[in-house]
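Chains, contacts and geometry: an overview
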Amino acid sequence: MIGWLQGELADPWQLDKRYGLQLRCQGVGYDVLITQRQWLTLPPAGTNLSLHIHPSIREDAWTLFGFGERHERDLFRELVAVSGVGPQMAMGLLGTLEPAVLIKAIVHADLRQLTQAPGVGKRTAERLAVELRTKLQQRYAASLDPSGPEGFGGEAEISDGSGPEGSDREAVQITLGALGYEVLEIHRAIRAVAGMGLTEAPTADDWIRECLRWLSREVA
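Residues numbered from 1 in each chain as written. Predicted model: local features only at pLDDT ≥ 70, side-chain atom pairs only at ≥ 80, totals over all residues. Heavy atoms only, no water.

1. Let's talk about the overall build of the chain
Assigned secondary structure in the chain consists of 9 helices and 5 strands. Secondary structure of the chain in N-to-C order comes out as β-β-β-α-β-β-α-α-α-α-α-α-α-α. Split into buried and exposed, the 220 residues of the chain put 43% on the buried side. Considering only intrachain contacts with a sequence separation of at least 6, the fraction spanning at least 24 residues in the chain is 53%. (Helix = DSSP H or I, 4+ residues; strand = E, 2+ residues; numbered from the N terminus. Buried < 20%, exposed > 50% of the residue type's maximum accessible area, 1.4 Å probe, protein only. Contact = heavy atoms within 4.5 Å.)

This is the structure in structure tokens:
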């Protein structure tokens, strides 16, 4: 398993929305795909370069994806683990948004920013926020801005002492927001469900399910 390569940069290339280079290491040339952001800042050919590598092995192809920093490769691996997100879409996300910006956009369910990446529609952006939010928030808590984008500025906007608390409340807010509900709608749903009472020690999923049921009834 190849995890890191160091060698001489040669033959950087672009084909449609794919960017790559050849890295020559001790007489062997490795073709490596990189993000557009990294491609635009490559040093001159012949320069010594090191890359953190994610190998993708399929029956019809072996592909190497290269990243200047290990945390970028780790984030790439988190992205491709999400249903519907393939390597090229993950590279598009990392090529469009700086890692720190991408992490914040996922944690705060900033669909507008996520859909700037090629091939990323609203549904995919919602899945990214729902599936990765908690994991990325825990891993990068120290570097995240707790205020977030407007409409997802923390618990104060919907917290009045009723409903789920802490991370469960945040999960409910982010999930319902990613599904298109406004902050005030989410606030009303939580208060209504809290007033109806739930089973003892309800989980975030319990709150989300009951809030969706209440919101669907309101629309009907």
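Picking up where we left off.
2. Points about the confidence of the model for the chain
For the chain, per-residue confidence averages 84 on the pLDDT scale, and 88% of positions sit at 70 or higher. Throughout residues 146-160 the model reports pLDDT below 50, and contacts reaching past four residues in sequence, or to other chains, amount to 32 contacts. (pLDDT = per-residue confidence, 0-100.)

3. Focus: the sheet that holds strand β2 (residues 18-25)
Strand order in the closed barrel made by the 5 strands is β1-β2-β3-β5-β4, with mixed pairing throughout. Within this sheet the neighbouring strands show an average axis-to-axis angle of 50 degrees, counted without direction. Along the sheet, helix α2 (residues 70-80) makes contact with β4 (48-57) and β5 (62-67), crossing β4 at roughly 15 degrees. Its contacts with the sheet place helix α3 (residues 87-96) against β2, β3 (28-34) and β5, and it is angled at close to 15 degrees to β5. (Pairing = 2+ DSSP bridges. Axes fitted to C-alpha atoms, helices over the stretch in contact; angles between N-to-C directions.)

4. Details of helix α6 (residues 122-139)
Taking 1.5 Å of rise per residue, 18 residues should cover 26 Å, and α6 covers 25 Å from first to last C-alpha, within 8% of that figure. When the local axis directions of α6 are compared, the greatest deviation, roughly 55 degrees, occurs at Leu132. (Expected span 1.5 Å × (residues − 1). Bend = angle between axes of the 7 residues up to and from the residue.)

5. A look at the nonpolar core
Among soluble globular proteins, nonpolar side chains are generally buried collectively. Ranked by size, the top nonpolar core spans 28 residues in total, and within it Leu79, Leu93, Leu102 and Leu136 carry the most contacts. Elements supplying a minimum of two residues to this core: β5, α2, α3, α4 (99-107), α5 (111-114) and α6. In contact with Leu102, not counting residues within four places along its chain, are Leu75, Leu79, Leu93, Leu94, Leu97 and Leu114. The next biggest cluster of nonpolar side chains, apart from the first, holds 13 residues, and it includes Leu9, Leu21, Leu42 and Ile53. (Core = buried A, V, L, I, M, F, W, Y, C linked by side-chain atoms within 4.5 Å.)

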